Amino acid sequence: MAIVADKVRRLDVHIDRILGLEPGSIPDAEQDQQETGLLTAVSEPPSPRADELLRIARTLSTASRSGTFLPPSRIKQLLEDSGLATETELAERGEVGVESQYERDIEWLLVAKATVQTYGILMSTFFDEIMPLSDDIWYWDDVLSSYPKSCLYATQIAPARAWSRAKEVYDVACERIRNIHLQQQQSEGVEAAQTGDSLSEGVSQKWSQFYSIVRQSMAETSVSNFRRKILSPVDLARAEARRKRAELQKLRETIAAGLGILVDEGLAFDSNAEEDKGLESRLMAADNTLADSIALMHAILTNSAETNEPLSVFEDSVFAYARDVRGAFSTTDSSKPKASSVAERLVQILDQSLPQHNTVVAKHVSEYGRPSRVVRYWLPALALLVSSPTILYVLVKRRDSIIDWIQNFGVTVRDFWFNWVIDPIRKVIGTIRHDENSEIAIMSRDSLKADRESLERMVVEFTLDNPSVAVGSPNVTDLQIADIRAKVREGDVTPVLKAYEKGLRRPFVGAISGDLVRSLLIQVQKTKVDLEVAISGIDSLLKSQELLFGFVGLAPGVVVSIGIVQYLRTVFGSRKGLRRGEKVRRVVRVLRKMDRILAAGATNPKGELNYKDRGLLLCEAHVLRELATEVLPGDVKREFLEDLEDLTSVKNLVLQEKALQRIRWAYAEWLGKK
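Residues numbered from 1 in each chain as written. Predicted model: local features only at pLDDT ≥ 70, side-chain atom pairs only at ≥ 80, totals over all residues. Heavy atoms only, no water.

Q: Just to check I follow, could you spell out a nonpolar patch on the surface for this structure?
A: A grouping of Leu384, Ile391, Leu392 and Leu395 is seen on the molecular surface, where their side chains present a nonpolar patch of about 380 Å² in accessible area. Within the secondary structure layout, Leu384 lies in helix H16 (residues 373–397). (Patch = residues over 30% accessible without salt bridge, like charges linked within 9 Å, V, L, I, M, F, W, Y side chains within 5 Å. Areas by Shrake-Rupley, 256 points an atom, 1.4 Å probe, with all protein chains shown as cover. Salt bridge = Lys/Arg side-chain N within 4 Å of Asp/Glu carboxyl O. Helix = DSSP H or I, 4+ residues; strand = E, 2+ residues; numbered from the N terminus.)

What follows is the structure in structure tokens.
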């Protein structure tokens, strides 16, 4: 978690600064030997134990600087390896040697590093517990939001209610049978005489007595649960949902209050007051702060599962318990806490308090959280089980048809892909490269040329056969023939038209013995050439837009393919993460929750949020940071993190509201409109 990692990293650096260490690693501090630092020059070389303590502190510091947290078992093992966790026991037996001031300071350095790690683990634990609780509360809100959903929930829990009812009747019946048996033994004795009835009559009498006991037990449980007779099963289910939602809300508020106390009061070093103090004064203040923080962490874990008391009582209990624990750290001759006592308490937190807290919260969530998957999905599973023989029969009966459908579907997909996507792409590429095979044409390439040359030959031969009609002279010169050819290329067939006009004067004679039919057929060829010229113009127009038509042919296949891919990404990709639009909508909802927390949150006389609202605000800020870092561009993330830090670190409510407003308008382009 980024918020927790940043907090732990800053605390680790701050501890190094308080102790006079450089912000770098511990070995660098050893080499620098700052005069005002912890690792000052000593008259004697460091002992092996001091070197071991430094090694352990270096391990803890490296984990804090990298933003990772060691497992609680690992921190506990390091504390035990240091010997601090067992030093009190050894001191009681008189087995502890004399320690130098240098070793005592290194002990506190190790305890401080371990405390920071434990602090981060507790914050992560609270974050991990609060957010699932919010999801479970939303589930109960959804169940109570409509009557059909409440009916569905009542149906889901019906088997569990029936089993609980049967078990209750069984327990009452067993208790009554046990009481009757004891009464018979007391009245008749162990060796009661046989009544002389037949064996069948005795068995029948016992069964009748058993049924009577069961009926009486059911009547007793019905009277004791009179509400079941008044309310319908759906109303009972809604009442149960409201009760569980209320319990989860109490638990979430309690954990959020614990988180708020931990963040506001835990490891609260006074930076301004420590700058003007010497090393000894700084160490004394830091030691007291560490001891107070460990006592506070222990108190929060011990009381965080108590949801029956109001939050004010919980907070008072935490601080009272923390004062009691803090008093156990002080030595008999001084108010300064002992590092060994603090380390032992830290081990107790990691080894007992934290696991117990996790167990209690898990038990509470298991009891009041959303039902298990078995309860939620037994109805569709039962329907599937009942209908499975029919489904199997249909599958076996229509096995061949189903196989054909699958094969045809595969062939259709393949043909669509190759015919409507691959082939149009190839044609577009060929058009771009001026491939002759990919050119668009509605007529053959040399058709117009051949028909035009044929028309020229027809007109020339007609002119040579009829020179007097065509040119008005008995002979035709080469110059005239060349002129006729040029005019024919331009569409002028005047010699043929003159003969045609002459033949129309006497059509029957011209048709039988004249050139009327011949001139008419030449005009048919002329019409064919004109038509081909027009088609050639259309063909040229198509060729000029050949690339456009290629993309038009490719568009349907590409659009269908993109639509299918987007649909599959929506169906199967939602399990891996929210899409950008959904993330933005969720960011808007988180901002709304934060605004409601700031608007409705209770404040103390200093104008600060109470611990519960403080913890809830931190949880929403964590969710906002996780979502926003995936939506915001890289150059904006740094500014966003600065504003988010102002929102979470500042305690004044007015300043927090201003920071939230700044986030909403400054990043509205990426996080949604204001």
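Next comes the rest of the description.
Q: Explain the nonpolar core to me, please; I cannot follow it from the model alone.
A: With 113 residues, the main nonpolar core has Leu259 and Phe640 as its most contacted residues. In contact with Phe640, not counting residues within four places along its chain, are Leu624, Arg625, Ala628, Leu632, Ile663, Tyr667 and Leu671. One finds Leu448, Phe462, Val496 and Ile522 within the second-largest nonpolar core, a separate group that totals 11 residues. (Core = buried A, V, L, I, M, F, W, Y, C linked by side-chain atoms within 4.5 Å. Buried < 20%, exposed > 50% of the residue type's maximum accessible area, 1.4 Å probe, protein only. Contact = heavy atoms within 4.5 Å.)

Q: I keep staring at the packing of helix H4 (residues 72–82) against helix H15 (residues 339–368) and nothing clicks. Help me out?
A: Contact pair H4 / H15: the axes reach a minimum separation of 10 Å and the direction vectors enclose 150°. As far as their axial angle goes, H15 and H4 are roughly antiparallel. Remark: the crossing between H4 and H15 carries left-handed chirality. On H15, the residues that touch Pro72, Ile75, Lys76 and Leu79 of H4 are Ala343, Leu346, Val347, Leu350, Asp351 and Leu354. Each residue belonging to the contact of H4 with H15 can be placed in one class, and the counts come to eight nonpolar, no polar and two charged. (Axes fitted to C-alpha atoms, helices over the stretch in contact; angles between N-to-C directions. Parallel < 35°, antiparallel > 145°, perpendicular 65-115°, else oblique. Left-handed = near helix turned anticlockwise from the far one by under 90°. Nonpolar A, V, L, I, M, F, W, Y, C, P; charged D, E, K, R; others polar.)

Q: Quick question: what am I supposed to make of helix H1 (residues 2–18) here?
A: If you check H1, its first and last C-alpha atoms are 24 Å apart, about what 17 residues at 1.5 Å a residue would give, namely 24 Å. Buried within H1 are the following residues: Ile3, Val4, Ala5, Val8, Leu11, Asp12, Val13, His14, Ile15, Asp16 and Ile18. (Expected span 1.5 Å × (residues − 1).)

Q: Please clarify how the packing of aromatic side chains should be interpreted in this entry.
A: In this description, an aromatic ring pair is defined by two values, namely the gap between the centres and the angle between the planes. This structure, assessed with the given rule, holds four aromatic pairs. Seen in terms of ring centroids, Tyr139 and Trp140 are 5.2 Å apart; in terms of plane orientation they differ by 70°. Their pairing is edge-to-face. Residue Tyr139 shares its accessibility class with Trp140, and that shared class is buried. Ring centres of Phe640 and Tyr667 lie 5.4 Å apart, and the angle between their planes is 85°; this geometry places the pair in the edge-to-face category. (Phe/Tyr/Trp six-rings, centres within 6.5 Å; stacked < 30°, edge-to-face > 60°.)

Q: Sorry, what's going on with the side chain of Glu129 here?
A: Tracing the sequence through the fold places Glu129 in helix H6 (residues 101–145). It turns out Glu129 is buried and unbridged, and the closest side chain with the opposite charge, Arg252, is 12 Å from it. Setting aside residues no more than four positions away along its own chain, Glu129 makes contact with Ile255, His357, Asn358 and Val361. (Lys, Arg positive; Asp, Glu negative; His and termini not counted.)

Q: I would appreciate a short explanation of the packing of H6 against helix H26 (residues 611–631) in the present structure.
A: Helix packing geometry: the angle between the two helix axes and the distance between the axes. It is the contact of H6 with H26, at a shortest axis distance of 10 Å, that shows an interaxial angle of 85°. In terms of axis orientation, H6 runs roughly perpendicular to H26. On H26, the residues touching Phe127, Ile130 and Met131 of H6 are Leu616, Leu618, Cys619, His622 and Val623.

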